[in-house]
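What the coordinates show
Single-letter residue listing:
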Amino acid sequence: MTGTQERRLRLNLFVYPGGHHEAAWRYHGSAPDRILDIGYYQEIARRAEAAKLDAVFLADGPSLPDNVRYASRFRLEPFTWLAALAAVTSRIGLIATASTTYSEPYNLARLLASLDHLSQGRAGWNIVTTGAPQAAGNFGLDAHPVHAERYDRAREFLDVVTKLWDSWEDEALIADQGSGLFADTDRIHPIDHEGRHLRVRGPLNTPRTPQGRPVYVQAGSSEDGRAFAARYAEAVFTAHQTLGSARDFYADIKRRAAALGRDQDQVLVLPGISPFIGSTEAEARALHDEFNELTQPEYSLDLLERLLGVRFGVADLDRPVPREAIDTGGERGESSRFQLIVDLIEREQPTLRQLLHRLAGARGHQVAVGTPERVADQIQEWFEGGAADGFNVMPPWLSGGFDVFADEVVPLLRRRGLFRAEYAGTTLRDHYGLARPRSTYAGRHERPAAAAATAAP
C-alpha cells in the first residue's frame, strides 16, 4: 500500500457448521438439518459476496473432536466445499485450512493451485501445524509431533510449496497453435529439494496460478507462530480479548516482518469477532444470555479441561477458577489459546460458569454484544487504533447471525468510509491489497545479454 492509498478494512466470513457459539445448533433460529447441505453454504457465500466481503474461510482438522457428542464440531473437507462455492460466486476469496504436519507438499500444492485456477485467482491457504494429538493415530504415527518439531517441518513445507508454485514461470504456458509450441520448458523448473523432513523433485504438474501463488494465511500466536507469521504470512488470523492485547500483537507482528525486510502493509492482522447484535443493548444481551443458557456443561467442561489440563466438576461451576492449579510449563504453555485463557482468568477472576460462557461464544475470540452501532464502533476502534487491519467475522449462528451483520453493521462501516462499496479487483490479492509475487525461478534460464551477443554466430 502506498502512502497515497486510503487504508480499507478487510472482512472475512469465517464459516463454521451451524455457527460459532457452541450451542448454535440448539438455537431456534439455526438450521441444523442443513449443515451438510452444500446449497446452504452456497447461499451463505453468495450473501457474503453481495456484502462485498473479502473472503469466505473454512477451518479444518484431520481428526474428529472427542466432544462431538454435544456440538456440531465435525469437519468438512474444505477444498471440495470451496470448489462448490467457487462455482456460484465470482469475486469473493476462498480460504481453505490445511495442515503442514499431516499433508504432503506436492499434493497440497496441486489442490490449492487447482482451487486458484478454477476460481480465477481467489484461493488462500490457512496454514496450520495441527494442535490435536488424536490426529497422529489417523496417519500411522505413535505420537503427535511436539510443538517445535511441527513448526520446523512447517517452515520446510512452506519453502517446498513456494518452489512448486513458482516452478512454472508466468510465460511458460504458450499454447501457440500456429507454431505448435505448447510450453516453454526452459521456464519450467525442477525444484530438487532435499531437506530434513522432505524430499521433492518437482516441478509441479500445474501451470502457475492467476495469483502467482494462493494467499498465505496463518493462525497461531505462540512464539513459534509469530516468527512463522512474520516470515511467511500475508494475513494472520488471531484471537484477542482486549484492545491492549490486540495492539501488542499487531505491533509485534509488524515489527518482526519489518526486521525480515518485508513490507508491513503486506502482512495483514485479522482478529476474530463474534457479534451478538440487537436493536437495543438489552436485546443484544438477552440474545447472548439465551445462547449461553443452551450450553451443556458436559461439553464445555470437557473442552476446558483439555485446554488447561485441570479436572473440574459440575459442583465447581459457581466457584472461582483455581489459577494455582493450572501448570503453565511444558508444551501446553506454548499454546497461544492456553495463554489467552490463563490471562483471562488472571484478569477477571471469573467463576467456572462465567469462564465457560466467555469461551462458548467463539472459543476465545472476542465476543461483541450490542447494537449495530456499538459493534461498528468496536471494529472501527480496533482498526484505527493499531490493533487490526480487519476481522474474521464469526457469526454465533447461521445464517441469521451473519445476515444481521451484513444488513446492519456493514452499511455503517461503509458510510464511515471504512469498507468498500464495490470490489476493485477480481482476486483475493486484489481485495487484500497484496502484490502478485514473481516466480523465484524467473529469468534463471536466460543468459546475460552480453554473453548472448558474444555467443551469437
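My aim in this report is to walk through the structure given alongside it, one point at a time. (Residues numbered from 1 in each chain as written. Predicted model: local features only at pLDDT ≥ 70, side-chain atom pairs only at ≥ 80, totals over all residues. Heavy atoms only, no water.)

With respect to the environment of Leu 344
Topologically, Leu 344 is positioned in helix H9 (residues 336-348). For Leu 344, a relative accessible area of 0% puts it in the buried group. Sequence spacing of Leu 344 and Trp 382 is 38 residues, and the spatial spacing of their C-alpha atoms is 19 Å. Aside from chain neighbours lying at most four places away, what touches Leu 344 is Gln 241, Gln 349, Pro 350, Leu 355 and Arg 358. (Helix = DSSP H or I, 4+ residues; strand = E, 2+ residues; numbered from the N terminus. Buried < 20%, exposed > 50% of the residue type's maximum accessible area, 1.4 Å probe, protein only. Contact = heavy atoms within 4.5 Å.)

As for the packing of helix H4 (residues 147-166) against helix H5 (residues 223-232)
Between H4 and H5, the least distance of the axes is 10 Å, while the angle of their chain directions is 10°. By the angle between their axes, H4 is roughly parallel relative to H5. In contact with His 147, Ala 148, Tyr 151, Ala 154, Arg 155, Leu 158 and Asp 159 of H4, H5 contributes Asp 224, Gly 225, Phe 228 and Tyr 232. Within the contact of H4 with H5, the residues separate by chemical class into six nonpolar, two polar and three charged. (Axes fitted to C-alpha atoms, helices over the stretch in contact; angles between N-to-C directions. Parallel < 35°, antiparallel > 145°, perpendicular 65-115°, else oblique. Nonpolar A, V, L, I, M, F, W, Y, C, P; charged D, E, K, R; others polar.)

Quick look at the packing of aromatic side chains
What characterises a pair of aromatic rings is the spacing of the ring centres plus the angle enclosed by the ring planes. Tallied over the full model, the rule gives 17 aromatic pairs. Aromatic pair Phe 14 and Phe 57: ring centres 4.4 Å apart, planes at 45°, arrangement tilted. One end of the pair, Phe 14, is in strand S1 (residues 10-15); the other, Phe 57, is in strand S2 (residues 55-58), and 43 residues separate them in sequence. A residue is classified by how much of its surface remains accessible, and Phe 14, at 7% relative accessible area, is buried. (Phe/Tyr/Trp six-rings, centres within 6.5 Å; stacked < 30°, edge-to-face > 60°.)

Side note on unusual backbone geometry
Residue Pro 203 is bonded to the preceding Gly 202 through a cis peptide linkage, with omega at 0°. Secondary-structure assignment places Pro 203 in the loop between strand S8 (199-200) and strand S9 (215-219). A cis amide bond links Leu 398 with the next residue in sequence, Ser 399, at an omega value of 5°. One non-glycine residue, Lys 52, adopts positive backbone phi at about 70°.

Here we look at the environment of Leu 398
Along the chain, the position of Leu 398 falls in the loop between strand S13 (390-393) and helix H12 (400-415). Put simply, Leu 398 and Ala 24 are 374 residues apart on the chain and 8.0 Å apart in space, counted from C-alpha to C-alpha. Excluding residues within four positions of it along the chain, Leu 398 makes contact with Val 15, Tyr 16, Gly 18, Gly 19, Gly 29, Ser 30, Ala 31, Tyr 40 and Ile 44.

Regarding helix H2 (residues 78-86)
Among all positions of H2, only Pro 78, Phe 79, Trp 81, Leu 82, Leu 85 and Ala 86 are buried. Buried residues of H2, viewed axially, fall in a sector of 160°; they line one side. Among the residues of H2, the N-terminal cap falls to Glu 77, whose side-chain oxygen and the backbone nitrogen of Phe 79 are separated by 2.7 Å. (Arc of directions from axis to C-beta. Polar contact = N/O pair within 3.5 Å; in protein donor to acceptor, adjacent residues only side chain to side chain.)

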